[in-house]
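Working through the structure, step by step
Residue-level listing of the chains:
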Amino acid sequence: MPLLRLPFPAEGTAPEGYDTAVVLPLRDGPAEELAARLLAELDDALLLALPGLGEVVVDTPESVRTLRRTAEGRYVRIEDETRPPHASPENPAAPEATEAPGTTPNGERRVTRWRVAEASGRAEDALLADRPVEERQRPWWSVTWAVPVDAEGTPVRPGTAPVLHAPTPSDEPLGLPALLIASFPLESTRRHVAAGPLTDYLTERAADTYTRLVRDWEPLGIGTLDLVPGPLGSGELDGILRRSLLERLPRVPFLPPAGESVSDTDTDTDTDPSAHSLEPDDAPLLAREPAGLRPVDAELVEGAGAETVAVLAELFPTLLPAGLERRPELRALEVPRVPLGELIDRLGGAQRPPEWWNRLYDSLAGVDPDRLTGLPVPLADGRTVVGPRQVLLPTPAYMSPEQVPEPEQVPEPESAERHDALARLGLRVAHPRAAHPLLEKLGALPASPRAVLTTPQVRAAVANSLDAGEIWDEDAPDPDEVAETVLALARDAELQPGDEPWLGALALPDEDGELVPAAELVLPDSPFQQVMREGELAACDPELAARWGTGPLAAVGVLADFALVRATDVVLDPDEIGEPDDGDHPRPTDTGLLDAVDVWCEDVLDGLPESAVPPVLAELVAVRDLDLVDDACWPRALAMLARPPLRDALTAPVRVLLPDGATETVRPYTAWWLRGHPVLDGRRPAGLRAAGGDPLLAGLYEEADASALATGSATDTQVLRALGVRTSAAALLDEPGGAAELLARLADPELAVTGDQLHGLYGLLAELDPDEVTLPEELRAVLGDAVRVVDAGDALVADAPDLLPLAERRPLLPVRPASAADLAALLDVRRLSTVVGDTLGGDEGTRRIVPAEVRRLLPGAPEEYLEHGELLVDEVEVAWRRTPDGTLHAATLEGLAAALSWAAGEWGRRFEVAALLEDPSRAEELARARWHE
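From a predicted model like this one, the values you see are computed outputs, not experimental measurements.

So, how was this worked out
- Residues numbered from 1 in each chain as written.
- Predicted model: local features only at pLDDT ≥ 70, side-chain atom pairs only at ≥ 80, totals over all residues.
- Heavy atoms only, no water.
- Helix = DSSP H or I, 4+ residues; strand = E, 2+ residues; numbered from the N terminus.
- Buried < 20%, exposed > 50% of the residue type's maximum accessible area, 1.4 Å probe, protein only.
- Contact = heavy atoms within 4.5 Å.
- Areas by Shrake-Rupley, 256 points an atom, 1.4 Å probe, with all protein chains shown as cover.
- Pairing = 2+ DSSP bridges.
- Salt bridge = Lys/Arg side-chain N within 4 Å of Asp/Glu carboxyl O.
- Axes fitted to C-alpha atoms, helices over the stretch in contact; angles between N-to-C directions.
- Parallel < 35°, antiparallel > 145°, perpendicular 65-115°, else oblique.
- Left-handed = near helix turned anticlockwise from the far one by under 90°.
- Nonpolar A, V, L, I, M, F, W, Y, C, P; charged D, E, K, R; others polar.
- Core = buried A, V, L, I, M, F, W, Y, C linked by side-chain atoms within 4.5 Å.
- pLDDT = per-residue confidence, 0-100.
- Patch = residues over 30% accessible without salt bridge, like charges linked within 9 Å, V, L, I, M, F, W, Y side chains within 5 Å.
- Lys, Arg positive; Asp, Glu negative; His and termini not counted.
- Charge placed at Lys NZ, Arg CZ, Asp CG, Glu CD.
- Phe/Tyr/Trp six-rings, centres within 6.5 Å; stacked < 30°, edge-to-face > 60°.

Attention now moves to the overall build of the chain. In terms of regular secondary structure, the chain is built from 31 helices and 40 strands. Considering the chain as a whole, with its 933 residues, one finds that 46% of them fall into the buried category. Long-range pairs, those at least 24 residues apart, make up 63% of the contacts in the chain with a sequence separation of at least 6. Just so you have it, the chain exposes about 47100 Å², and 50% of that area is on carbon and sulfur atoms.

Put into structure tokens, the structure is as follows:
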């Protein structure tokens, strides 16, 4: 037997306050050092291993260290205080103890709270069969687990040596996050656990006790995960304990649920160790209602935030708090992981209040939309649908009073009825209290009138509205209800005619009460009905028209004005362009709705180069239903067509793309149709001249009353030109073929034209490109005092005024001198100066100096001239002549004035020059008169 186990009586008495003192003599210096080291290594484990020991004082010459153990509710409180040798708790210089560790002027103090779980009992004889006699005589066993906690009761890592205490520290490593003090049998060195049935039994009891410690932990929180061991042990015993714990813990309810928070309430710890002992199976673990989740039942959501998990936990109570995805303890416990998308899919069919859904949407605001495609949406009618697509987010106009969140108010009294009507149409409108911006991000549409109007359900209801009365369905809305709903939507959306052409299929009652597609009705007393022939189209029901007005009815296709056809990339094929589309309503792209559009197409093709591939119109904009206008109402109809948006269809040229890539512009269909019909003053517009128009065209065109197209006091010349009405000679020549038309009318002897008109018209023609004008066979010319139609080969361009006396019997084309050469080239006729004026006769003439006064008036005039008593040109007496070499010849004063003015390029000053030549003293007077030019 070791002698140290047999203390002998010693001399002396025990210290004051103690009944017994054990004196340990130290034999030498190393023994003293060993004793000092062991005393320094004292920690909380000693008081935890000896629960009957309340205080340990280590009094050395350097300091006095006191360790105290006290019970504090469910915890064991251990205070470790070190003071100077002469300080004591009764010393007023020593500060009062605090709950926090720290350094004071008189020493150091540390307080630790431990959560303890204990178990004990009597071992069966079979378990002690291989143990020494002294152990067999004391068959009691005990297991104590102790875990330090922080101020909130969360477990922290023990500061004691990570070894098994049996009950004193051994060399058996223990990596568990708790202090284990147990009566394990040790081998002879007292350093390691001895193998055998008793060790196996105590290992199971230790695992049971640790499991109970985890199960009963309060407060329940995420920190409890720190008590879960990892799978890799530090030694054989440590590995066995870990495996046993990882087998038990998955069925222990200790994980904190995400949907509730466990309060840190003070409860008394059961002091009876036997009450906490566990049998090998885990049935006792489930004997009470668990406050936490069992790992086998719990689920960890991947990719979800804390708010999302908190909301989902109200529906799925097995969810763990967010942010635990990387905790290895959960992997060791094999806690199932659920992707957020999969959990969203589980929500299908869930019945929750709308406010709950709104909170869920708010928590999902930052999640990738691709993971939320299956997100359910509660509807206003009580249903819940999967997926936000095709769901409408309600606006106040479509909420009933009890649905509108405060402080908003319902703007219209009929909103509840409208909501019911939308539901009857099959629309999926989200519940107002669940609506959230996230739904719009995921594909839901705000329930604006336009968005509601364009839903597939409304489109289907419109398409079937004409036959709705023949189909028996007690839940389906009748045609009147569909019409009222659609008209209200069109009104609230401020829809314009043609914005949604499919609305033309909406069934509306006509004046006889029969249901007719809206596009086949005309609005009573509308501008279009006032110009339309009677009986061409049925009128809309007057009561319906009075209740809804022009805007909504015109928006659904009821004709209140002329309608437009707009089509792009139209192939110019007469067989295709005139073929109407199949359908239950007119489409704005249907070129077959245009009267005689195939004839227009043929006319366009006739003016374009021939090719095997038909040309293509970039865009066709045309007015339809022109053939329905009453002949007597064309003045009003033309005024309607002259206003936007119809105006462009009449005035804007159409661009044609040719097969070789070139482009041409052609006359628009609307202008073409109107030109060929008696729409202006009972006559066809083409070939008419607007009354009061350009006087140059007087006599060439018949006048027509165009007052219907007047804008204020001015005539709408652009529209008149589109109709073919001639407003000015310049506008006529700007049109393709305008020059040929003008020359053809000038060559018509039945039409009256004056010489002054010819002068102006030939001046405009001279500005044209000769390559763009077809040469005429006959021309209108001035012959003496008359205007005649002559052969083009006989006509001459009067290019010099000094030769006019020689052309009394020759047909002349009057034009400005500056344009004479251009006109001659354009019409391929000769100039007068090339056929006359070759022979100069009379006296030789006297050379004279041009007066200085005249030179000041005409800076470009020559300095001298030849004065003749008689001047002949081609045997004809003339007043003046300027020869090709630039010499001036004059026989009279008026002739000299004309010659000087012509030579100086100031033909208009010839009369002023004549007055100056006659009386040079008038120079100052004439100069003063020029101030006002």
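In the case of a regular strand, side chains alternate between the two sheet surfaces. For strand 6 (residues 140–149), the buried fraction is high: eight of the ten residues fall into the buried class. Examined bridge by bridge, strand 6 and strand 9 (residues 179–182) share four bridges and lie antiparallel to one another. Paired with Trp-145 across the strands is Leu-180, a residue of strand 9.

Glancing now at the pairing of strand 24 (residues 663–666). When strand 23 (residues 654–657) meets strand 24, the two strands line up antiparallel, connected through four bridges. If you follow Leu-657 over to strand 24, its bridge partner there is Thr-663. The antiparallel hairpin formed by strand 23 and strand 24 contains five residues in its connecting segment, where Gly-661 sits at a positive phi of about 95°.

The subject of this paragraph is the sheet that holds strand 38 (residues 876–877). Strand order in the open sheet made by the three strands is 34-37-38, with antiparallel pairing throughout. The open sheet terminates on both sides in strands that have one partner only, identified here as strand 34 (840–842) and strand 38. As defined by bridge partners, strand 34 adjoins strand 37 (residues 871–873) across three bridges and the pair is classed as antiparallel. The residue bridging Gly-842 from the neighbouring strand is Leu-871, located in strand 37.

Let's shift gears to the pattern of salt bridges. Scanning the entire structure with this criterion turns up 49 salt bridges. A salt bridge links Asp-171 to Arg-191; the shortest N-O distance between them is 3.9 Å. Here Asp-171 is found in strand 8 (residues 169–173), whereas its partner Arg-191 is found in the loop between strand 9 and helix 4 (197–215), with 20 residues between them in sequence. On the basis of relative accessible area, Asp-171 is assigned to the partly exposed category, the value being 41%. Between Arg-450 and Glu-500 there is a salt bridge; the shortest N-O distance is 3.0 Å. Taken together, the positions of Arg-450 in helix 12 (residues 449–453) and Glu-500 in the loop between helix 14 (479–492) and strand 17 (507–509) put the pair 50 residues apart, joining distant regions of the chain. Using a relative accessible area of 34% as the deciding quantity, one classes Arg-450 as partly exposed. Taken together, the shared-partner salt bridges connect Glu-55, Arg-68, Glu-72, Arg-77, Glu-79, Glu-81, Arg-83, Arg-109 and Arg-113 into one network.

Attention now moves to the packing of helix 25 (residues 738–746) against helix 26 (residues 755–765). One can describe the packing of helix 25 onto helix 26 by two numbers: an axis separation of 12 Å at closest approach and a directional angle of 150°. What the angle tells us is that helix 25 and helix 26 run roughly antiparallel. With respect to the hand of their crossing, helix 25 and helix 26 are arranged in left-handed fashion. Touching Ala-739, Leu-742, Leu-743 and Leu-746 of helix 25 are Leu-758, Leu-761 and Leu-765, all from helix 26. Of the residues in the contact of helix 25 with helix 26, the class split is seven nonpolar, no polar and no charged.

Attention shifts here to the nonpolar core. In terms of nonpolar packing, the biggest core is built from 59 residues, with Phe-562, Trp-600 and Trp-634 touching the most fellow members. Counting 48 residues, the second largest nonpolar core, distinct from the first, contains Val-143, Leu-202, Ala-207 and Phe-254.

Glancing now at the confidence of the model for the chain. Predicted confidence across the chain gives a mean pLDDT of 84, with 89% of residues reaching 70 or more. Note on residues 90–104: pLDDT is under 50 here. Beyond four places in sequence and across chains, it has 24 contacts. Under a pLDDT of 50 for its full length, residues 261–290 has, in the predicted model, 47 contacts with residues more than four places off or in other chains.

Here the amide bond leading from Glu-218 into Pro-219 is cis, since omega sits at 0°, within 30 degrees of zero. Looking at the secondary structure, you find Pro-219 in the loop between helix 4 and helix 5 (236–248). The step from Pro-644 to Pro-645 runs through a cis peptide bond, and the omega angle for that step is 0°. Within the secondary structure layout, Pro-645 lies in the loop between helix 20 (634–641) and helix 21 (646–651). The phi dihedral of Arg-190 falls on the positive side, at around 60°, and the residue is not glycine. Position of Arg-190 among the secondary structure elements: in the loop between strand 9 and helix 4. Residue Arg-190 is classed as partly exposed on the basis of its relative accessible area of 45%. For Asp-681, which is not glycine, the phi torsion reads 55° and is therefore positive. Relative accessible area serves as the criterion here: at 47%, Asp-681 is assigned to the partly exposed category.

Moving on, we come to helix 30 (residues 910–918). Along helix 30, the positions that sit buried rather than exposed are Glu-912, Val-913, Ala-914, Ala-915, Leu-916 and Leu-917. Among the structural elements, helix 28 (852–857), helix 29 (893–903) and helix 31 (923–929) are those in contact with the buried residues of helix 30.

This part covers the sheet that holds strand 21 (residues 564–571). Judged by pairing direction, the sheet is antiparallel, and its four strands sit side by side in the order 21-22-23-24 without closing on themselves. The sheet is open, and its two borders are formed by strand 21 and strand 24, each paired with just one other strand. Averaged over all neighbouring strand pairs, the angle between strand axes comes to 25°, with direction disregarded.

Attention shifts here to a negative patch on the surface. The grouping of Asp-575, Glu-576, Glu-579, Asp-581, Asp-582, Asp-598, Glu-602, Asp-603, Asp-606 and Glu-610 at the surface amounts to a negative patch. Counting only elements with at least two residues in the negative patch, the list comes to helix 18 (574–577) and helix 19 (597–606). No other element matches the four residues that helix 19 contributes to the negative patch. Tracing the backbone through its elements, the reader meets Asp-582 in the loop between helix 18 and helix 19.

One pass over the full model with this rule turns up ten aromatic pairs. Taken together, a centroid distance of 4.9 Å and an interplanar angle of 85° make the contact between Trp-356 and Trp-357 edge-to-face. For Trp-357, a relative accessible area of 0% puts it in the buried group. On the basis of an interplanar angle of 80° and a centroid distance of 5.3 Å, the ring pair of Phe-528 and Phe-562 is categorised as edge-to-face. Of this pair, Phe-528 sits in helix 15 (residues 527–531) while Phe-562 sits in the loop between helix 17 (550–555) and strand 21, placing them 34 residues apart in sequence. Taking relative accessible area as the criterion, Phe-528 reaches 1% and is therefore assigned buried. Note on Phe-562: relative accessible area 6%, which makes it buried. Connected via pairs of aromatic rings, a cluster forms that spans Trp-356, Trp-357 and Tyr-361.

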